[in-house]
Every structure is written in structure tokens, then in C-alpha cells.
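Breakdown of the fold
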Amino acid sequence: MQILVTGGLGYIGSHTSVLLLEKGYDIVIVDDLSNSNIEVLDNIYKITGKKPTFEKIDLKDIRAVSKLFKDYKFDGIIHFAAHKSVNESLKKPEKYLSNNVGSLENIIAEIKLLENPINFIFSSSCTVYGQADSMPINESFPLKKAESPYGESKKMCEEILKKLNNSNHSFKNITLRYFNPIGAHPTGLIGELPIGNPENLVPYITQTAIGKRDFLSVFGDNYKTKDGTCIRDYINIMDLAELHITCLEKLIAVEDENFFKIYNVGTGKGTSVFELINLFENVNDIKLNYKIGDRRKGDVISAYADTTKIKEELSWSTKYSLENALKSAWNWELNLNKDE
Ligand code: UD1
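These notes cover the structure that comes with them. Only a predicted model underlies this, so the values are computations on that prediction, with no experimental measurement involved.

Before going further, it helps to examine the site of the ligand. Near the ligand there are 20 residues, and of these Leu201, Ser217, Arg232, Arg296 and Asp299 occur at the shortest range. Within the backbone of Leu201, one N or O atom sits 2.8 Å away from an oxygen atom of the ligand. Separating a nitrogen atom of the ligand from a backbone N or O atom of Ser217 is a distance of 2.8 Å. When the ligand is considered free in solution it has 740 Å² of accessible area, and contact with the protein chains removes 88% of it. Of all the elements in the fold, those that place two or more residues in the shell around the ligand are α7 (201-209) and β8 (216-219). The element best represented in the shell around the ligand is β8, accounting for four residues. When the residues that make up the shell around the ligand are grouped by side-chain class, the tally is 10 nonpolar, six polar and four charged.

Next comes the structure, spelled out in C-alpha cells:
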């Protein structure tokens, strides 16, 4: 089976690509390298012993997308490719809409030309819920007004997929609303590689611990939560990567040619920023320099998943721990800095 993995050199894409290769799938990785590094390809090879096909393509380019679908016959598509910085999206909203929405539209134009229903997995985000009225968040919660163009782009993509599913074109889709993926591959060869200043918590923690940053700023400690800091649902990247295999197998097996499901992807457990910092310090036996800073604009106070639906319908639950994620993230940072 040949699977197209867009954004396959990115954080979630690279971990999923490794598992797909290990499971015996042929994959075609498409990436424009705008927020990833070509060396990831070599590291995927080092881990798996297999060389995935790679195409450097900007998915906004409709002609390139059309050629891609002429050159290959895909049995499935996992569409990770997207810009993901909330902060940047506030400054450059157009970039986010044209890339995140435009890429999906180009792919869908090609999907519509296919005879057989394609198996399609889409990367969405818990950001579509905004600040939910209660916790944990289940899939039937209303989608709130997006806090950022990034969030808006994910909502628009979900709408586009829903419309395609309601059209008379057969199309099998699972949309995954990720909570907060963290950690790295156990080999330390692939992990989260932010280009420039990291915005997400764990890369900021590891870069501070190694001395690239002077201190971590905790964005607010006066929220109405157990210890005043924000609550998130941190999920180990290895669990998240494995889930994509589960979803792909489900889509391949299911007979309904209009299969369409949306799942939350988290652990179901809320962890505060302080709890995460403490855990990082304990499991890695390291002291982290941090200060309390201002609240970050647009941050929701709390977001963690109700995982009942995915557990029941896909018999999937997380296997790896938070401790493991924080150890592997540190191991990854150490590896990155080995040669410097
Ligand atoms: C953010 C996005 C989310 C997106 C995800 C993609 C916002 C509001 N949300 O999630 O839509 O899908 O990234 O990767 O930006 N924190 C600090 N100090 C730091 C960094 C973070 O205290 O230097 C805190 C934040 O306030 C938050 C938690 O750590 O409470 C997690 O932050 P982050 O990793 O940026 O993830 P989200 O904000 O949940």
C-alpha cells in the first residue's frame, strides 16, 4: 500500500512516517521544508533502514499537486502539512489561510478525480474548541470563535472535509483533534525541531535546560486552576504516531465508503505548567531556571480531552507515559547538541 504523508518531515509527520515504514507501508513524503529539515529524511532511514520516497513540493502549487497525483497511486493520505504558529498567524493571517486551507483544497481537487474512495486522515487541533465551557472536552462540544487565524484555518479545513463527505463523492475520513503532543522518538534521532524561537512549552523547557535560553517564562500563575498555571493534555508523540496507523487500518478495513469520524486525541488527563516543569526536573534530575511572566494573549486556561469516543470506537488508548515523553524530549535535545 502506498501512503502519501504530507508534512512528513515535520514533528508528528516524521514519527508517523517511521511507524508506517516499520509496518511495511510504502510512503511518499511531501514536504516544502518551510519548517523542517531535509536531514530528518536520513534519520528516518537510520531508524527504519528504509528510504522513503521524497518530493519537495509546495502544496499551494496546484500544478505540482496535480503532477503528484499523476505520478503516484495512493491508497491513503495523511495530511499533516500546515503552518502551526499561533503567534505568526496573528501577524500573517493570509499566509495561514492560503497555505493551510489552500493546500487542502488542492489535494481535494485531486481526490475528486479518483475513482475509489481514498482513505484520508486529517490533522486538526483542540484549538477549534477555544475555551470550552467545561472539562473534559468531548467531540460534541461546540466549536468556538477561533482565537487566531491558525485556529480559523483548522476550522475551515474541517468544514471543507465535512462538505466533501456530504457531497456525492465517496471519501473515507478520520479527522484528529490533537491536544498537546510532546516528546521524541526513543532513538533520539527525530523529535520536535522548532526553527527559530520555540513557542511551545516543552521545546522551550529543553532549550532552557541545555542553556540555549536563559530562562523559561511561565505564562501566568494566577489563573483559577489547581496551582494558578494553565492546564493542558500532553500526549506522548509515540502514542500519537501509533494512532495514525490504527486510523489508517480502520479506514482500510471499513466498508462504508462515506465513513467520517472526528476524534479527540489526548490522554484525558490535565497537567499544569508547574506540574510539567516539576516532572521534567524529576525525571531528568535537572534544575530548570524559570520565572513567572505575564499571561500569553490567546491562551485558554484549561483544555483536556474526553477520550471515551476514541477508546470505544477504535479500541485505542495511550501506552506511553508523560515521564517517558519528558525523558525522550531531553534525550533529543542532548543529541541535537552533541556535535556543537
Ligand atoms: C498552542 C496553540 C494551539 C496549537 C499548538 C500547536 C496557543 C494559544 N495555542 O497550544 O492552538 O495547536 O500550540 O503546537 O498558542 N507556556 C509557558 N511558557 C512558554 C510556552 C508555553 O508557560 O514559554 C505555557 C502556555 O501558557 C500553555 C502551556 O505552556 O499553558 C502549553 O503551551 P504550548 O506548548 O504553546 O501549547 P498550547 O498553547 O496549548
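Moving on, we come to helix α9 (residues 273-284). The terminal C-alpha atoms of α9 lie 17 Å apart, and with 12 residues this matches the ideal 16 Å at 1.5 Å per residue to within 8%. Turning to α9, its buried residues number three or more, namely Val273, Phe274, Leu276, Ile277, Leu279, Phe280, Glu281 and Asn284.

Of the consecutive residues Met135 and Pro136, the connecting peptide bond is found in the cis state with omega at -10 degrees. Turning to its location among the elements, Pro136 is positioned in the loop between β5 (119-125) and α6 (149-166). The phi dihedral of Asp285 falls on the positive side, at around 50 degrees, and the residue is not glycine. Its place among the elements puts Asp285 in the loop between α9 and β13 (290-293). With phi around 50 degrees, Ser315 is a residue other than glycine that occupies positive phi space. Note on placement: Ser315 falls in the loop between α10 (308-314) and α11 (322-336).

What follows covers the pattern of salt bridges. According to the stated counting rule, one finds 16 salt bridges in the structure shown. For Lys60, the salt bridge identified is with Asp58, shortest N-O distance 3.2 Å. Bridged by salt links that share partners, the residues Glu88, Lys92 and Lys95 form one connected network.

Spatially, the seven strands line up as an open sheet ordered β3-β2-β1-β4-β5-β6-β11, and their pairing is parallel. At either margin of the open sheet sits one strand with a lone partner, and together these are β3 (53-56) and β11 (260-265). Mean inter-strand twist for the sheet, computed between neighbouring axes without regard to direction, equals 15 degrees. Note: strand β1 (residues 2-6) against strand β2 (residues 26-31), five bridges, orientation parallel. Bridge pairing in β2 links Ile3 to Ile27. Helix-sheet contacts for helix α5 (residues 93-111) involve β1, β4 (76-79) and β5, and the interaxial angle to β4 is about 170 degrees. Contacting β5, β6 (172-178) and β11, α6 crosses the sheet at an angle of about 150 degrees to β5.

Overall, mixed pairing links the three strands, which are arranged β12-β9-β14 in an open sheet. One side of each edge strand has no neighbouring strand; the edge strands of this open sheet are β12 (271-272) and β14 (302-303). Where strand β9 (residues 231-232) meets β14, two bridges bridge the pair, whose relative direction is parallel. Residue pairing for β14: Ile231 is matched across the bridge by Ser302.

Quick notes on the rules
Each chain carries its own residue numbering, running from 1 in the written order of its sequence. At least 70 in pLDDT is required for a residue's local features to be given in this predicted model, at least 80 for side-chain atom pairs to be given and counted, and no such filter applies to totals for whole chains, interfaces and linings, which use all residues. The side-chain figures draw on all heavy atoms in the structure; neither hydrogens nor water molecules are used. Neighbouring residues are identified by heavy atoms, a residue being near a molecule or strand if any of them is within 4 Å of it. Polar contact criterion, stated in full: a pair of N or O atoms within 3.5 Å, where within protein one must be able to donate a hydrogen and the other to accept it, and residues adjacent in sequence count only if both atoms are side-chain atoms. For the accessible areas, the method is Shrake-Rupley and the probe is 1.4 Å, while residue cover comes only from the protein chains on display. In this description a helix means any DSSP run of H or I spanning at least four residues, a strand means any run of E spanning at least two, and both kinds are numbered starting from the N terminus. Charged means Asp, Glu, Lys or Arg here, nonpolar means Ala, Val, Leu, Ile, Met, Phe, Trp, Tyr, Cys or Pro, and polar covers whatever is left, Gly included. In this analysis, the expected span of each helix is defined as 1.5 Å times one less than the number of residues it contains. Only protein chains enter the accessibility calculation, which uses a 1.4 Å probe; a residue whose area is less than 20% of its type maximum is buried, one above 50% is exposed, and one in between is partly exposed. The salt bridge criterion pairs a side-chain nitrogen of Lys or Arg with a carboxyl oxygen of Asp or Glu, the two atoms within 4 Å. Between any two strands, at least two bridges found by DSSP are needed for them to pair. The axes are straight lines fitted to the C-alpha atoms, using for helices just the contacting stretch, and the angles between their N-to-C directions are given from 0 to 180°. Any two residues having at least one pair of non-hydrogen atoms within 4.5 Å are treated as being in contact.

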